[in-house]
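What follows is each chain in one-letter form.
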Amino acid sequence: MATNDNYDDIIDIERPWPRDTLRKHPKMSPQDRAKIFAPFAALRGHSARLSEEDVNLMSCKHTVLSEDEASILSDKLLQVRKGMTVTVTYFQPETENGEIGYNIIEAGTVTGIDVIYRTLRINTGKMNEKGAVDDVIKFDDLLDISGSEIIDIDKYLGIGDTEFLE
């Protein structure tokens, strides 16, 4: 025997309302009732932050790459070309001094590399009223970059395992 079998006869009956109450306070639709509570936001901006894609909401300190890590990243950047599809991990500062921020992972198509200003432009599909928006990432904020066309630097340069004759 199910627990709600006892209420089958009354489950679909309207709630009784006294006539004088309905005159003073007409019954609200569920949509109107929802509008009453909609403006309340205990944590302003919280839902917007949660809706951002690929954002690790745990803030962290800016990671400084070691010489070896920086060298590997430089080798990978050497292979990046306009039109390539890549996945980048970078630091986005939140504070003015740039010490605290978020590590972000995004995938997109490279739209440009500026070696003078040391920036990488990636189209991740974000749009605004004017059209597509590119993310501009400083080389100093890059933590990693990967893609199907990025290979080991020795293979890229054509350096193979050769045996030397003695």
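Just so it is clear, the model here is predicted, and its values are computed rather than measured. (Residues numbered from 1 in each chain as written. Predicted model: local features only at pLDDT ≥ 70, side-chain atom pairs only at ≥ 80, totals over all residues. Heavy atoms only, no water.)

> What exactly am I supposed to notice about the overall build of the protein chain here?
When you go through the protein chain residue by residue, the secondary structure sums to five helices and six strands. Scanning the protein chain from its N terminus toward the C terminus, one meets helices and strands in the order α-α-α-β-α-β-β-β-β-β-α. In the protein chain, the proportion of contacts linking residues at least 24 apart, taken out of those at least 6 apart, comes to 53%. (Helix = DSSP H or I, 4+ residues; strand = E, 2+ residues; numbered from the N terminus. Contact = heavy atoms within 4.5 Å.)

> I would appreciate a short explanation of the confidence of the model for the protein chain in the present structure.
Regions with low pLDDT carry predicted coordinates that are not meant to be interpreted in detail. Looking at the protein chain as a whole, its pLDDT mean stands at 80, while 77% of the residues score no less than 70. When mean pLDDT is taken per element in the protein chain, strand β6 (residues 142-146) scores highest with 94 and helix α3 (residues 46-51) scores lowest with 63. (pLDDT = per-residue confidence, 0-100.)

> Explain a negative patch on the surface to me, please; I cannot follow it from the model alone.
Taken together, the side chains of Asp-5, Asp-8, Asp-9 and Asp-12 make up a negatively charged region of the molecular surface. Locating Asp-5 in the fold gives a position in the segment before α1 (19-24). What makes Asp-5 partly exposed here is its relative accessible area of 35%. (Patch = residues over 30% accessible without salt bridge, like charges linked within 9 Å, V, L, I, M, F, W, Y side chains within 5 Å. Areas by Shrake-Rupley, 256 points an atom, 1.4 Å probe, with all protein chains shown as cover. Salt bridge = Lys/Arg side-chain N within 4 Å of Asp/Glu carboxyl O. Lys, Arg positive; Asp, Glu negative; His and termini not counted. Charge placed at Lys NZ, Arg CZ, Asp CG, Glu CD. Buried < 20%, exposed > 50% of the residue type's maximum accessible area, 1.4 Å probe, protein only.)

> Would you mind going over the nonpolar core with me for this structure?
One broad rule of soluble globular proteins: the nonpolar side chains tend to lie buried together. If you look at the biggest cluster of nonpolar residues, it comprises 17 residues, and the most contacted ones within it are Leu-77, Val-80, Val-86, Val-88, Leu-120, Leu-142 and Ile-145. For this core, the secondary-structure elements that each account for two or more residues are α4 (67-79), β2 (85-93), β3 (100-114), β4 (119-128) and β6. Not counting the four nearest positions on each side in its chain, Val-86 is found in contact with Glu-106, Ala-107, Gly-108, Val-110, Ile-122, Ile-145, Ser-146 and Ile-150. (Core = buried A, V, L, I, M, F, W, Y, C linked by side-chain atoms within 4.5 Å.)

> I'm lost on the pattern of salt bridges in this one. Help?
Between side chains of opposite charge, pairing is possible as soon as their charged atoms come close. Within this structure, the stated rule accounts for five salt bridges. The residue Glu-106 makes a salt bridge to Lys-126 at a minimum N-O spacing of 3.0 Å. Note that Glu-106 is positioned in strand β3 and Lys-126 in strand β4, a separation of 20 residues in sequence. Notably, a salt bridge pairs Arg-121 with Asp-134, separated by 3.9 Å at the nearest N-O pair. Within this pair, whereas Arg-121 is found in strand β4, its partner Asp-134 is found in strand β5 (residues 131-138), the two being separated by 13 residues in sequence. Residue Arg-121 is classed as partly exposed on the basis of its relative accessible area, which comes to 37%. Sharing partners across several salt bridges, the network here consists of Glu-106, Lys-126 and Asp-135.

> Is there a simple way to think about α4 in this case?
The periodicity of an α-helix, 3.6 residues per turn, causes residues three or four positions apart to be oriented the same way. Helix length check: α4 (13 residues) gives 19 Å between terminal C-alpha atoms against 18 Å at 1.5 Å per residue, within 8%. Along α4, the positions that sit buried rather than exposed are Leu-73, Leu-77 and Gln-79. An end-on view of α4 places all buried positions within 155 degrees of arc, on one side of the element. Exposed and oriented more than 90 degrees from the buried face of α4 are Glu-67 and Asp-68. Next to the buried residues of α4 lie β6 and α5 (153-157). (Expected span 1.5 Å × (residues − 1). Arc of directions from axis to C-beta.)

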